[in-house]
Amino acid sequence: MIIALFLCTSMTCMKNGKAVPPITREESDNAFIAMIEKNPEFFAALSSYLVDSIGSQYAPGEVCIPCPTVVASTPQDNESMRVLGDFWVFNYNVVGDTLKTVSGGSHPGAMILKKTDKGYVVTSFEQVEDGSNYLSSAKRIFGDMYMAFHGINSDEETREQARSIFIAKYVKDNKLPVKFYQDYGWPARKIPVK
């Protein structure tokens, strides 16, 4: 669903063999936010895992903001869910009105989420391998969703759009007095107001 929303913002979509005008960036953003808000336990589990198990392995910052971009999810046995995604996490320091990136990175792969009395919890994570095994492991993990994953992972504009949405949500939820975020050596970007 997310992929269709993002891809339709930059190209004409097809429906029943007819061209459908692309949705606007604002429509895509609103649909993405609505999906996150409709599944708060689901995204909370992904986010907690990224912060606690992955973000903690990077150079620390004052805040850690996860960006779990979901490619697909499929139910498993025992109330579990297999979630394929391009999972990013970033650590920032607050400098004036700007979140300055300290560290972070991408961790694509498949997470298994299990439903508990308190919501979902990540029970395992199979990551795409680095280096020469990257392509073969990505194709094995994502299977018939590999092209959808590749479309998100290789599209910097789509990744940055998702990142800005997660930053905006985090800033709003935590009442941070910031308006911009900035990677080292790059101009600051305005945090969208949602």
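Reference entry: report on the structure contained in this document.

Parameters and conventions
- Residues numbered from 1 in each chain as written.
- Predicted model: local features only at pLDDT ≥ 70, side-chain atom pairs only at ≥ 80, totals over all residues.
- Heavy atoms only, no water.
- Helix = DSSP H or I, 4+ residues; strand = E, 2+ residues; numbered from the N terminus.
- Expected span 1.5 Å × (residues − 1).
- Buried < 20%, exposed > 50% of the residue type's maximum accessible area, 1.4 Å probe, protein only.
- Polar contact = N/O pair within 3.5 Å; in protein donor to acceptor, adjacent residues only side chain to side chain.
- Salt bridge = Lys/Arg side-chain N within 4 Å of Asp/Glu carboxyl O.
- Phe/Tyr/Trp six-rings, centres within 6.5 Å; stacked < 30°, edge-to-face > 60°.

**Remarks on helix H6 (residues 156-173)**
Counted at 1.5 Å a residue, the expected span for H6 with its 18 residues is 26 Å, and the 26 Å between its end C-alpha atoms agrees. Within the span of H6, buried status applies to Thr158, Glu160, Gln161, Ala162, Arg163, Ser164, Ile165, Phe166, Ile167, Ala168 and Val171. With a side-chain oxygen lying 3.1 Å from the backbone nitrogen of Glu157, the N-terminal cap of H6 falls on Asp155. Just downstream of H6, Lys175 is the residue with a positive phi angle, here 50°.

**Focus on the pattern of salt bridges**
Opposite charge on two side chains permits them to pair, given that their charged atoms come into close proximity. Per the stated rule, a full pass over the model turns up seven salt bridges. Close ionic contact of Asp183 with Arg163 constitutes a salt bridge, the shortest N to O distance being 2.6 Å. Here Arg163 lies in helix H6 and Asp183 lies in the loop between strand E7 (180-182) and strand E8 (189-190), a separation of 20 residues in the sequence. Looking at Asp183, the relative accessible area reads 23%, which means it is partly exposed. Across the pair Asp173 and Lys169 runs a salt bridge whose closest N-O atoms are separated by 2.8 Å. Pair noted here: Asp173 and Lys169 are both in helix H6, with a separation of four residues, about one helical turn. Take Asp173: its relative accessible area is 47%, and that puts it in the partly exposed class. A relative accessible area of 31% places Lys169 in the partly exposed class. Taken together, the shared-partner salt bridges connect Glu160, Arg163, Asp183 and Arg189 into one network.

**A few points about the packing of aromatic side chains**
According to the stated counting rule, one finds nine aromatic pairs in the structure shown. Centre to centre, the rings of Phe42 and Tyr120 are 6.2 Å apart; their planes meet at 90°, and the pair counts as edge-to-face. On the criterion of sequence distance, the pair formed by Phe42 in helix H3 (residues 40-54) and Tyr120 in strand E6 (residues 119-127) is long-range, its members being 78 residues apart. The exposure class of Phe42 is buried, given its relative accessible area of 11%. In this structure Tyr120 comes out as partly exposed when scored by relative accessible area, which is 25%. Considering the side-chain rings of Tyr49 and Phe125, the 5.8 Å spacing of their centres and the 85° angle between planes classify their relative orientation as edge-to-face. Taken together, the positions of Tyr49 in helix H3 and Phe125 in strand E6 put the pair 76 residues apart, joining distant regions of the chain. For Tyr49, a relative accessible area of 22% puts it in the partly exposed group. Through pairs of rings, three or more aromatic residues link up here, namely Phe42, Phe43, Tyr120 and Phe166.

**Brief notes about the side chain of Ser164**
Mapping Ser164 onto the fold places it in helix H6. A distance of 2.8 Å separates the side chain of Ser164 from the backbone oxygen of Gln161, its partner in a polar contact.

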